[in-house]
Amino acid sequence: MTTAIPTATPMAEGPARDALLLLSWLSPGYPVGAYAYSHGLEWAAEAGDVRDEASLRAWLADVLAHGAARNDAILAAHAHAAGARGDAEAAAALNDLALALAPSRELHLETSQQGRSFLDATCAAWPVPALSALAGRLAGPVAYPVAVGLAAGAHGIARPMLLTGYLAAFLQNLVSAALRLAPVGQSAGTRVVASLSPAVAAVAAEAEAASLNDIGAATVRLDLGSFRHETQYSRIFRS
């Protein structure tokens, strides 16, 4: 008598599979260490720029519309295209650009450490030949939006879903940092996420059609704060 042993069944294609992958990759439990970074928010709280729900909402709205979140989305969109076509040369050029855009040592660490960790974890847990080939050409630091975009493109995830998911996770991670810094509580943090959801959708839609020439940021106080955070007396975050 022969007993059949069940084997893993590949996930079906389509929106449900895309959503499942993104929920896994962008969850707080994914081993990239996102919880260790505040993207300058810790300094903003120390300086009094972020002190309550309204100021947190305003700060994060600027990061989404005028800061790294928008740039990351544009980079992720172009990395998605490179991943879909297996273009290692374009992937390397995008990665060089993304790393060069980091305005401080801490923000460079934030993107490069998460990107390297994401790419390694995803190649190990969700390997596909296209992503493995691209990862082999990116041996050093990897910017986080480039890593996520390449993985999504190689796995055939729809680009609009990728960009919306990436930005939503970016926003929620910073709200989580604000909760730990204590200028807001959980209810206020939830309201901030809800109120900025339309901005997430708008930035995602803009990034999908943007060129690399559209990259640019105007969050000077955040950038200066990231320099000052390096010598901040008391801190719990790495950026």
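Bear in mind the structure is a predicted one, so any value in this text is a computation, not a measurement.

### Notes on the nonpolar core
- Counting residues in each nonpolar core, the largest one holds 74 residues, and the members touching the most others are Trp25, Leu60, Phe118 and Leu150.
- A per-element tally of this core places helix α9 (residues 159-181) first, with 11 residues.
- When residues no more than four places from it in sequence are discounted, the contact partners of leucine 60 are Leu171, Leu174, Val175, Val192 and Leu196.

### Quick notes on a nonpolar patch on the surface
- Taken together, the side chains of Leu97, Leu101 and Leu212 present a nonpolar region at the surface, about 200 Å² in accessible area.
- Of note, leucine 101 is situated in helix α5 (residues 88-101).

### A few points about the packing of aromatic side chains
- Inspection of the entire model under this criterion finds six aromatic pairs.
- Ring geometry for tyrosine 30 and tryptophan 126: centres 6.2 Å apart, planes at 35°, overall tilted. Here tyrosine 30 is found in the loop between α1 (15-25) and α2 (41-47), whereas its partner tryptophan 126 is found in the loop between α6 (105-125) and α7 (129-136), with 96 residues between them in sequence.
- Using a relative accessible area of 24% as the deciding quantity, one classes tryptophan 126 as partly exposed.

### Focus: the packing of helix α4 (residues 68-85) against helix α10 (residues 186-209)
- Viewed as axis vectors pointing N to C, α4 and α10 meet at an angle of 45°, and their least axial separation amounts to 8 Å. The angle between α4 and α10 falls in the class oblique. Our pair here, α4 against α10, has a crossing hand that is right-handed. On α10, the residues that touch Arg70, Ala73, Ile74 and Ala77 of α4 are Val203, Glu206 and Ala207.

### As for the pattern of salt bridges
- Under the definition given, this model contains eight salt bridges.
- For aspartate 18, the salt bridge identified is with arginine 17, shortest N-O distance 2.7 Å. Like arginine 17, aspartate 18 is buried.
- Between arginine 85 and aspartate 87 there is a salt bridge; the shortest N-O distance is 3.1 Å.

### Topic: the environment of histidine 229
- Locating histidine 229 in the fold gives a position in helix α11 (residues 220-229).
- When the C-alpha atoms of histidine 229 and serine 176 are compared, they prove to be 18 Å apart, with 53 residues separating the residues in sequence.

Calculation rules
- Residues numbered from 1 in each chain as written.
- Predicted model: local features only at pLDDT ≥ 70, side-chain atom pairs only at ≥ 80, totals over all residues.
- Heavy atoms only, no water.
- Core = buried A, V, L, I, M, F, W, Y, C linked by side-chain atoms within 4.5 Å.
- Buried < 20%, exposed > 50% of the residue type's maximum accessible area, 1.4 Å probe, protein only.
- Helix = DSSP H or I, 4+ residues; strand = E, 2+ residues; numbered from the N terminus.
- Contact = heavy atoms within 4.5 Å.
- Patch = residues over 30% accessible without salt bridge, like charges linked within 9 Å, V, L, I, M, F, W, Y side chains within 5 Å.
- Areas by Shrake-Rupley, 256 points an atom, 1.4 Å probe, with all protein chains shown as cover.
- Salt bridge = Lys/Arg side-chain N within 4 Å of Asp/Glu carboxyl O.
- Phe/Tyr/Trp six-rings, centres within 6.5 Å; stacked < 30°, edge-to-face > 60°.
- Axes fitted to C-alpha atoms, helices over the stretch in contact; angles between N-to-C directions.
- Parallel < 35°, antiparallel > 145°, perpendicular 65-115°, else oblique.
- Left-handed = near helix turned anticlockwise from the far one by under 90°.

So far we have only geometry, and geometry alone does not tell us how the molecule works.
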